[in-house]
Amino acid sequence: MITSTKSSKITEQKRSRRKSSAGRRTARAAVLQVLYELDTTDHPIEESFSWIVSEKRLNDDGVSFAWETTKGVQGASRSLDNEIKKHTARWPIYQLSAVDRNILRIAIYEMSSNGGVSEKVAINEAVELAKRFGGDNSYRFINGVLASFISSKLQGLSPPSGN
């Protein structure tokens, strides 16, 4: 039997998880905006980050997550772009919109790093960002590229056949 104390603890944990995911969604939007600005201007990362984060009013966890993700994506952008190229054969990286390119960078970074983000969550968050900030069909494009990325990642993990 669940007591009211246990029940309230479970409810509080669920509420906390929802707050955390909502905070991360806002933080991801901030990351996208910072990366977009870095792609399209010569502004220093610290200046762009400070301004956008102040506009988003993130809590300390959100700021920390956004900073680590922004720095991580920026530092790995060449390898992330190489990974994106593998899955967008018809679209050279420079022809992708800055929004789509950075959404893909964020999602692939999150799936490739040890950030504890599941593939399902990374794809869902990327699709939501694409719906909010991208073009009319961006979310479909993003979903397809990320599905291809996961498929190739899984193929690389499967044991060789015929042995």
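Rules used in this analysis
- Residues numbered from 1 in each chain as written.
- Predicted model: local features only at pLDDT ≥ 70, side-chain atom pairs only at ≥ 80, totals over all residues.
- Heavy atoms only, no water.
- Helix = DSSP H or I, 4+ residues; strand = E, 2+ residues; numbered from the N terminus.
- Buried < 20%, exposed > 50% of the residue type's maximum accessible area, 1.4 Å probe, protein only.
- Axes fitted to C-alpha atoms, helices over the stretch in contact; angles between N-to-C directions.
- Left-handed = near helix turned anticlockwise from the far one by under 90°.
- Contact = heavy atoms within 4.5 Å.
- Nonpolar A, V, L, I, M, F, W, Y, C, P; charged D, E, K, R; others polar.
- Salt bridge = Lys/Arg side-chain N within 4 Å of Asp/Glu carboxyl O.

Novice: Just checking my understanding: could you explain unusual backbone geometry for this structure?
Specialist: Of note in the backbone geometry, arginine 57 takes a positive phi value of approximately 55° without being a glycine. Structurally, arginine 57 is set in the loop between helix H2 (45-56) and helix H3 (60-75). The exposed category is assigned to arginine 57, whose relative accessible area is 74%.

Novice: Can you help me understand the packing of H2 against H3 in this one?
Specialist: Helix-helix packing: each pair is described by the crossing angle between the helix axes and the interaxial distance. The interhelical angle for the contact between H2 and H3, taken along N-to-C directions, is 145°, at an axis separation of 12 Å. Remark: the crossing between H2 and H3 carries right-handed chirality. Packed against H2, whose contacting residues are Ile45, Glu46, Phe49 and Val53, the element H3 presents Val63, Ala66, Trp67, Thr70, Lys71 and Gln74 at the interface. Residue classes in the contact of H2 with H3 are distributed as 6 nonpolar, 2 polar and 2 charged.

Novice: Whenever I open this one, the environment of arginine 132 confuses me. Can you help?
Specialist: Residue placement: arginine 132 occurs in helix H6 (residues 119-133). On the basis of relative accessibility, which here comes to 54%, the residue arginine 132 falls in the exposed class. In contact with arginine 132, not counting residues within four places along its chain, are Ala29 and Lys56.

Novice: How should the pattern of salt bridges be read in this particular structure?
Specialist: Two side chains of opposite charge can pair, provided their charged atoms sit close to one another. All told, the structure shown has 9 salt bridges when counted by the stated rule. Of the charged contacts, one joins glutamate 110 and arginine 28 as a salt bridge, the two residues approaching to 3.0 Å between their closest N and O atoms. Here glutamate 110 is found in helix H5 (residues 98-112), whereas its partner arginine 28 is found in helix H1 (residues 4-40), with 82 residues between them in sequence.

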